[in-house]
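For reference, the chains in residue letters:
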Amino acid sequence: MRSSNRQNNQLRNIEFITNFNPYAEGSCLVKYGNTHVICTASVDEKVPSWLKGQEKGWITAEYAMLPRSTQTRIQRESKKPSGRSQEIQRLIGRSLRAVVDLSKMQEICITVDCDVIQADGGTRVASVSGGFIALYIAIQKLLQEGKISENPIREFVAAVSCDIYNGEAIIDVDYNEDSNSQVDMNFIMTESGKIVEIQGTAEGEPFSEAEFNQLLQMGKQGIKEIIAKQKEVLSC
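Calculation criteria
Residues numbered from 1 in each chain as written. Predicted model: local features only at pLDDT ≥ 70, side-chain atom pairs only at ≥ 80, totals over all residues. Heavy atoms only, no water. Helix = DSSP H or I, 4+ residues; strand = E, 2+ residues; numbered from the N terminus. Rg over C-alpha atoms; globule rule 2.2 N^0.38 Å. Buried < 20%, exposed > 50% of the residue type's maximum accessible area, 1.4 Å probe, protein only. Axes fitted to C-alpha atoms, helices over the stretch in contact; angles between N-to-C directions. Parallel < 35°, antiparallel > 145°, perpendicular 65-115°, else oblique. Left-handed = near helix turned anticlockwise from the far one by under 90°. Contact = heavy atoms within 4.5 Å. Nonpolar A, V, L, I, M, F, W, Y, C, P; charged D, E, K, R; others polar. Pairing = 2+ DSSP bridges. Disulfide = S-S within 2.5 Å. Salt bridge = Lys/Arg side-chain N within 4 Å of Asp/Glu carboxyl O. Phe/Tyr/Trp six-rings, centres within 6.5 Å; stacked < 30°, edge-to-face > 60°. Lys NZ or Arg CZ within 6 Å of the ring centre and 35° of its normal.

**Notes on the overall build of the chain**
In terms of helices and strands, the chain carries 4 helices and 9 strands. In the chain, the succession of helices and strands from N to C terminus is β-β-β-β-α-β-α-β-β-α-β-β-α. By the compact-globule yardstick of 18 Å for 236 residues, the chain fits well, its C-alpha radius of gyration being 18 Å. Once the C-alpha set of the chain is aligned to its principal axes, its extents read approximately 55 × 40 × 30 Å.

Printed below as a string of structure tokens:
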């Protein structure tokens, strides 16, 4: 039995609170159980210098865990993001760009900031799912204002973690489960079931192809449920 009394294939209570920040062009407070992340999308009508003249836009992301988002205070990343934060923000950026036609964004750059205010496992996957909602809202605003003429979003994207814990496959892993798992896996997938990224690590003995396939199928179903929640809050 899981510590949360969930079934192995049962997600935590997932919630998306849109327009959480009144100043950002798009925002979302995403909750995966006790993991809470504020995601904001900020529009800048200019692109990085290396993209100038190419008539396409750009999407980038930044990620940080606030000092008391965990049980003990972590240092504020005031000068340079840690290696972990850099790896996660690149993951978020790649995941969002994967479902956007940048050629339809002209020369507009959107920065998605994901700030973890409370961490209980799965902060990166929550950031991808909440970051997409913030991005979606920002793009809708650009369309309404006539700053872009076509919706560049091809399809929805979401993410979830799956582990092997006590010899069994489980989904949407909290911190206690993640810190004691035998296999740690993160799935980022689109609405049509295409894979954006898979991160998988054996924490002890190597895992089998059959175990991987079990985690993959569990992840696909979980992401399907998460995207349904995204569409519900966005009234799509």
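**Regarding the environment of cysteine 39**
Within the secondary structure layout, cysteine 39 lies in strand S3 (residues 35-44). Exposure remark for cysteine 39: the relative accessible area of 0% places this residue in the buried category. Cysteine 39 sits 12 residues away from serine 27 along the chain, and the two C-alpha atoms are 5.5 Å apart.

**Some details on the packing of helix H1 (residues 83-97) against helix H2 (residues 123-144)**
Put simply, H1 and H2 touch, their axes get as near as 10 Å, and they point 40 degrees apart. Classified by the angle between their axes, H1 and H2 sit oblique to one another. Crossing geometry of H1 relative to H2 is assigned as right-handed. Side by side, H1 and H2 meet where Arg84, Glu87, Ile88, Leu91, Ile92, Ser95 and Leu96 of the first sit next to Thr123, Arg124, Ser127, Val128, Gly131, Phe132 and Leu135 of the second. When grouped by side-chain class, the residues that make up the contact of H1 with H2 number 7 nonpolar, 4 polar and 3 charged.

**Concerning the pairing of strand S5 (residues 109-118)**
Relative to S5, S3 is paired through 9 bridges, and the arrangement is antiparallel. Bridge pairing links aspartate 44 to cysteine 109 in S5. Both strand S4 (residues 58-65) and S5 contribute to a ladder of 8 bridges, which runs parallel. Looking at the pairing, isoleucine 59 lines up with isoleucine 110 of S5.

**Comments concerning the state of the cysteines**
For the coordinates displayed, the defined rule picks out 0 disulfides. Here cysteine 114 is not disulfide-linked; the sulfur of cysteine 39 is the nearest cysteine sulfur, at 3.9 Å.

**Focus on the pattern of salt bridges**
In the structure shown here, the tally under the stated rule is 9 salt bridges. When the shortest N-O distance is used, the salt bridge between lysine 147 and glutamate 45 registers 2.9 Å. Here lysine 147, found in the loop between H2 and strand S6 (157-165), pairs with glutamate 45, found in the loop between S3 and S4; they are 102 residues apart in sequence, far enough to count as distant. Given the relative accessible area of 33%, lysine 147 is considered partly exposed. Note on glutamate 45: relative accessible area 52%, which makes it exposed. Two residues, glutamate 145 and lysine 147, come together in a salt bridge whose shortest N-O distance is 3.4 Å.

**With respect to the packing of aromatic side chains**
One pass over the full model with this rule turns up 4 aromatic pairs. Between tryptophan 50 and tryptophan 58, the aromatic rings sit 5.0 Å apart at their centres with planes inclined by 80 degrees, giving edge-to-face as the arrangement. Put simply, the rings of Phe132, Tyr136 and Phe156 touch in pairs and so form one group of aromatic residues. One residue, lysine 231, lies across the ring of phenylalanine 156, its end atom 5.2 Å from the ring centre.

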